[in-house]
Amino acid sequence: MQSMKSRRRVTPLGSSNSDSADKQDQLLLSSAIGNGEDLSPFIRKAFSTGKPDTLLHHLRQFARSKESEIEEVCKAHYQDFILAVDDLRSLLSDVDSLKSSLSLSSSHLQSVAQPLLSSLESFIETRNISTNILLCLRSLKICLQVIDLCARVNSHLKNDNLYLALKSADKIERSFLMITPSITLKRMLEKQIPAIRAYVEKKTNKEFGDWLVEIRVVSRNLGQVAIGQASSARQREEELRMKQRQAEEQSRLSVRDCVYSLENEDDGVDLSDGDVLDHGHGKDGFSNGGGNLGFDLTPLYRAFHINQTLGLEDRFKQYYFENRKLQLTSDFQVSSMTPFLESHQTFFAQIAGFFIVEDRVLRTGGGLISKWEVDNLWEVAVSKMCSVLEDQFSRMQTANHLLLIKDYVSLLGVSLRRYGYPVDALLEVLSKHSDKYHELLLSDCRKQISDALSADKFEQMLMKKEYEYSMNVLAFQLQTSDIIPAFPYVAPFSSTVPDCCRIVRSFIEDSVSFMSYGGQLDFYDVVKKYLDRLLSEVLDQALVKLIKSSIHGVSQAMQVAANMAVLERACEFYFKHAAQLSGVPLRMAERGMKQFPLKNARDAAEEILSGMLKVKIDGFMSLIDNVNWMADETLQGGNEYVNEVLFYLETLVSTAQQILPPAVLRRVLQDVLSHISEKIVGALVGDSVKRFNVNAITGIDVDIRMLESFAENQAAVLSDADASQLKSALTESRQMINLLLSHNPENFLDPVIREKSYNALDYRKVMVVSEKLRDPADRSFFTTRGTRQNPKKKSLDALIKRLREVN
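Worth saying up front: this structure is predicted, and the values here are computed from it rather than measured. (Residues numbered from 1 in each chain as written. Predicted model: local features only at pLDDT ≥ 70, side-chain atom pairs only at ≥ 80, totals over all residues. Heavy atoms only, no water.)

Within the protein chain, the secondary structure is distributed over 26 helices and 4 strands. Relative to its 807 residues, the protein chain shows a buried fraction of 40%. The long-range fraction of contacts in the protein chain, counting pairs at least 24 apart against all pairs at least 6 apart in sequence, stands at 74%. For the protein chain, the exposed area adds up to about 45400 Å²; of that, 53% sits on carbon and sulfur atoms. (Helix = DSSP H or I, 4+ residues; strand = E, 2+ residues; numbered from the N terminus. Buried < 20%, exposed > 50% of the residue type's maximum accessible area, 1.4 Å probe, protein only. Contact = heavy atoms within 4.5 Å. Areas by Shrake-Rupley, 256 points an atom, 1.4 Å probe, with all protein chains shown as cover.)

Structure representation (structure tokens):
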């Protein structure tokens, strides 16, 4: 068929009468219709002007003008239309024949395909059933797996295996929640899985909270065990040092006497190696600290791991750190109701246990707490402990209290240093209060020494058993012989000596104990300084006070003098003992020893003893007034006074030699004999004797010889040198008598002879005594029956003249 021609655009028809309005409107209407434009403006205009008929007329004219065009078009296509109709008619016959053929083929096909269609329908139905069954089985399998996991979750929750329950719930959510076919089961899972997680988190946090409460008690016990082990180790070390000192002492005495032995020592439990914190395996496979103290980190590690699984790791770390920091702050509280001396062990043990736990958490917690956080907590703890120590030390007025706290703090330092915590700041605080401790210790010893001295009865100490001898003599090396005496044994000293020795030894041990383990390695000089102060300021002054106020007899004075001699040996032991405890070689201690620190007390004791003896002697020497100074003949047996004096001195020596050491006895006797010599010279010089003759002087010479003989006889008790020194105490009286009996008294004026033979004489005394011997009332002294003057008298007159000129 021919295609339709496209619509042509219609242009307005020309008209000769273009000025007519109607024609103009008609042209515009025709143009709009031809161009397919909207005619509503024309219609609106026609009705608005009241001329619809005109518009209708124009439309009719336009229709009539187009009828001719339609007719022309129909004429042009009529022949083609006729040909097409003929073709359709021929085609209709072919279609009828084809339809008959198709109908026959369809009938044949239906007859053949009918059984196949029945089979196909059965197959399709069976296949659909099979597919449904497979889908059902797959759904059932998924549901069974979900239900099995749910049962496993319930079992884990029942058995408190929270981590495994949480992992099973995560597996359900990750692998089965989206593919679960059961809407009901899926809704249940969507509701219960968050509830399970919330339950696990709540229960875990509750267990962690309970652990935080429990760990405080465990930390205190743990700290006490750690400090106790440090104390045991220190004690074993001290015992080993003691054995070493004993071995050194034995080697100094005799190498053959040394006894060597091999001993097995149990070093005890080492906390740093994890024995007390020994990790077993608890629930959920977490390691725990179930050692001797039941120290269990399982709740902590499980809580941390579960929070990691829940994605809350950082929050839990912060929560753990803040809670432990609050616990540490709480541990810093010092109760004002309980004395610090009673609570200091709990206070420091709590802190020690805290940081032992933190060290274990740091090393095994998998990043739960960092090294920086632990160091930060330790800095806070050290600062607080130093502050508490400063405050408490400033209040304490008892040395033993400071020592107890210092020892415990030093053990705390030893315990925590094994875990890598720096403790220098604590040791510096202890060292800072060394002076105060020693001042308090000196004050305590002053009171103890005062009590010991006031209780002394000034009687020799009786020891009935060997252990008493060992405790009171050998313990302080006071023995003068290595041979054990027979018992009962009467010591040359009174009970004051071992009492004071114990006090001083305790002072040394306390001083060394305070200075030891305080960060200062060489502290012997400090110990020695305060030991010197104890002996020279405390003990010496106390003894001097006792001697000046409480001695009321020769026996008491003699006992005190004997005590001082024993204390002099004890002082050597003090410094050696201090050196041994301080780890200083004995040879260095011996080189550093100064003069006897109790010199004032010793001198006072010997002075008061000598004074009392002099008083006794003065009583006997008063008999010198009975001497016949103008005797007609020489008295051979000595004067009465000297016999009394010698009898007393011999009795005194027999008693004193059992108590006083030879050196003390020699000094006392020397002082007494010197006093006797002075009394003899004083009698000659004194106003009570107006004159005397040679016979009287010869009698005094006999007296002095008897005294010199007594001095020489003491060589059996003392020594030859000591006896010689005793004899020298009579030098002044001997030289005075020798001068008076000399044939040339004028030789006193010769410097050489005076220095050799009369160096102890005072020229004033010589002048007075010489004038008494020259008394003119007795002309028989230096005159003879002849007319020649006696040379001795002449020499004596010359001496007196020269001495007067000098005077």
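A few words on the pattern of salt bridges. A full pass over the atoms with the stated rule returns 27 salt bridges. With its nearest N and O atoms 2.8 Å apart, the salt bridge here joins R152 to D148. With R152 and D148 both in helix 3 (residues 52-158) and 4 residues apart, the pair spans about one turn of that helix. With relative accessibility at 41%, the residue D148 sits in the partly exposed group. Its salt-bridge partner being D499, residue R502 comes within 3.2 Å of it at the nearest N-O pair. Of this pair, R502 and D499 both sit in helix 14 (residues 496-515), 3 residues apart, which is roughly one turn of that helix. Three or more residues are tied together by salt bridges with common partners; here these are E568, K599, R602 and D603. (Salt bridge = Lys/Arg side-chain N within 4 Å of Asp/Glu carboxyl O.)

Bringing the packing of helix 9 (residues 371-395) against helix 10 (residues 399-417) into the picture now. One way to put it is that helix 9 packs onto helix 10 with a least axis distance of 12 Å and a crossing angle of 170 degrees. When the interaxial angle is binned, helix 9 and helix 10 end up roughly antiparallel. Across the interface between the two elements, W378, M385, L389 and F393 of helix 9 pack against L402, I405, V409, L412 and L416 of helix 10. Tallied by class, residues from the contact of helix 9 with helix 10 come to 9 nonpolar, no polar and no charged. (Axes fitted to C-alpha atoms, helices over the stretch in contact; angles between N-to-C directions. Parallel < 35°, antiparallel > 145°, perpendicular 65-115°, else oblique. Nonpolar A, V, L, I, M, F, W, Y, C, P; charged D, E, K, R; others polar.)

Before going further, it helps to examine the nonpolar core. In terms of nonpolar packing, the biggest core is built from 186 residues, with L300, F348, F355, M385, Y574, I676 and F692 touching the most fellow members. At 18 residues, helix 16 (residues 554-582) tops the list of elements feeding residues into this core. Beyond its immediate stretch of four places on either side in the chain, F355 contacts L328, V374, L377, W378, A381, L416 and Y421. Core analysis: the next-biggest nonpolar cluster, separate from the first, contains 21 residues, L162, A165, L177 and V200 among them. (Core = buried A, V, L, I, M, F, W, Y, C linked by side-chain atoms within 4.5 Å.)

For the rest of this paragraph, the subject is the side chain of D703. Examined against the element boundaries, D703 turns out to sit in helix 21 (residues 694-713). Buried and unpaired, D703 has no salt bridge, with R734 as the nearest side chain of opposite charge at 9.6 Å. Among the polar contacts listed, one links the side chain of D703 to the side chain of N639, at a separation of 2.5 Å. Sequence-distant contacts of D703, defined by excluding residues within four places in its chain, comprise G638, N639, Y641 and V642. (Lys, Arg positive; Asp, Glu negative; His and termini not counted. Polar contact = N/O pair within 3.5 Å; in protein donor to acceptor, adjacent residues only side chain to side chain.)

Relative to the helices and strands, R764 is located in helix 25 (residues 763-773). Relative accessible area serves as the criterion here: at 44%, R764 is assigned to the partly exposed category. C-alpha of R764 to C-alpha of V685: the two residues are 79 residues apart in sequence and 9.5 Å apart in space.

Turning next to the environment of C445. Considering the arrangement of structural elements, one finds C445 in helix 12 (residues 434-454). Its relative accessible area of 2% is what places C445 among the buried residues. Sequence separation of C445 and V504 is 59 residues, and the distance between their C-alpha atoms is 7.8 Å. Filtering out sequence-adjacent residues up to four positions away, C445 remains in contact with I503, F507, L534 and V538.

Given a rise of 1.5 Å per residue, 21 residues ought to cover 30 Å, and the 30 Å separating the end C-alpha atoms of helix 12 matches this to within 8%. Along helix 12, the residues that are buried comprise S434, Y437, H438, L440, L441, L442, C445, I449, A452 and L453. Buried residues along helix 12 sit against helix 10, helix 11 (424-432), helix 14 and helix 15 (524-550). (Expected span 1.5 Å × (residues − 1).)

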